[in-house]
Amino acid sequence: MVLIDTHAHLDSGRYNKDRDEVIKNARDNGVSYIVNIGADLQSSRYSVHLARKFPFIFATVGIHPHDAVTLDDAVLAELEKLAGDEKVVAIGEIGLDYHYDHSPRDIQRAAFIKQLELAKELSLPIVVHSREAEEDTIDILKEHYAGAGTGILHCFSGSLEMAREALEMGLYLAFGGVVTFKNAGGLLEVLKEIPLDRILLETDCPYLTPVPHRGKRNEPAYLRYVAEKIGEIKGISIEEIAEITTANAIRVYNLSKFIASPEG
């Protein structure tokens, strides 16, 4: 069984004491590949470092909406340079976060658009963060990205309508530990309606640890709990979920030059 964690933050300081052990534990628990996500310039650099160090880790580079105020021409130029590495498979994590508003909303929107333009220029998929910004996220994607390529709405928590609009644009939806939470009812209803060929698995580690480890630091090894829950919702085995979501991840991140698809 091959699982791909499509969204991890192994660059987090919470792994400084045992990062290599956490990575080994992931492999021992069926997580054969990991995509480490850049969220600012430092984490983007470290993601590329991890991807160069481990053949089964890939990287994305981008500026999270929390840090949108840091995106200037110099930062954008360095992201473009980092994206030239063959192990960089997407631009992200980019998008909008109206829950915390760590950066002003107009600056978030401008940074989102600039990075969408970069993704189009480089022919790379996108990894999108959207929290309490459903309408603006979809509107910006429709205006500045639809038809240009594919990508992922990570840690999907939106409405069924948002899911449908994302699917119409050719995007994929990624789900993590939240699907195992007791209060995930609405999200599970959305999951039931989404076709299997557009679903991805993620941990978003070290955050959003799934049951039965909720409350502890998350890690890629716990991805199987997400796979099991989605298999339960869809009425198929974890092995089938692994096969389908792995093929989806290979497709959206264009990993076929590195990984043979389970679909053959």
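Heads up: these notes are all about the structure in this document.

Here is what the cut-offs are and how they apply
- Residues numbered from 1 in each chain as written.
- Predicted model: local features only at pLDDT ≥ 70, side-chain atom pairs only at ≥ 80, totals over all residues.
- Heavy atoms only, no water.
- Buried < 20%, exposed > 50% of the residue type's maximum accessible area, 1.4 Å probe, protein only.
- Helix = DSSP H or I, 4+ residues; strand = E, 2+ residues; numbered from the N terminus.
- Arc of directions from axis to C-beta.
- Contact = heavy atoms within 4.5 Å.
- Pairing = 2+ DSSP bridges.
- Axes fitted to C-alpha atoms, helices over the stretch in contact; angles between N-to-C directions.

### Considerations on helix 7 (residues 185-193)
And step 1. Residues L187, L188, V190 and L191 constitute the buried set of helix 7. The arc enclosing the buried residues of helix 7, seen along the axis, measures out at 155°, which places them on a common side. Of the exposed residues in helix 7, those oriented more than 90 degrees away from the buried face are G186 and E193.
And step 2. The secondary structure elements touched by the buried residues of helix 7 are helix 6 (160-168), strand 7 (172-175), strand 8 (199-201) and helix 8 (223-234).

### Some words on the sheet that holds strand 7
And step 1. With respect to topology, eight strands assemble into an open sheet ordered 1-2-3-4-5-6-7-8, the strand pairing being parallel. For this open sheet the edge positions go to strand 1 (3-8) and strand 8, each flanked by a neighbour on one side alone. Averaged over all adjacent pairs, the angle separating strand axes in this sheet is 30°, with direction ignored.
And step 2. Summarising the sheet, strand 1 and strand 2 (residues 31-36) pair through four bridges and their orientation is parallel. By the bridge assignment, I4 is partnered in strand 2 with Y33.
And step 3. Here helix 4 (residues 105-122) sits on the sheet in contact with strand 4 (88-97) and strand 5 (126-131), set at roughly 160° to strand 4.

### Remarks on unusual backbone geometry
And step 1. Look at the link from G92 to E93: it is a cis peptide, with omega at 25°.
And step 2. By the element assignment, E93 lies in strand 4.
And step 3. Cis geometry marks the peptide bond from C205 to P206; its omega dihedral reads 15°.
And step 4. Tracing the backbone through its elements, the reader meets P206 in the loop between strand 8 and helix 8.
And step 5. Look at E132: it is not a glycine, yet its phi comes out positive at around 55°.
And step 6. With respect to the helices, strands and loops of the structure, E132 is situated in the loop between strand 5 and helix 5 (134-144).
And step 7. Overall, the relative accessible area of 55% leaves E132 in the exposed class.
And step 8. Of note in the backbone geometry, D204 takes a positive phi value of approximately 55° without being a glycine.

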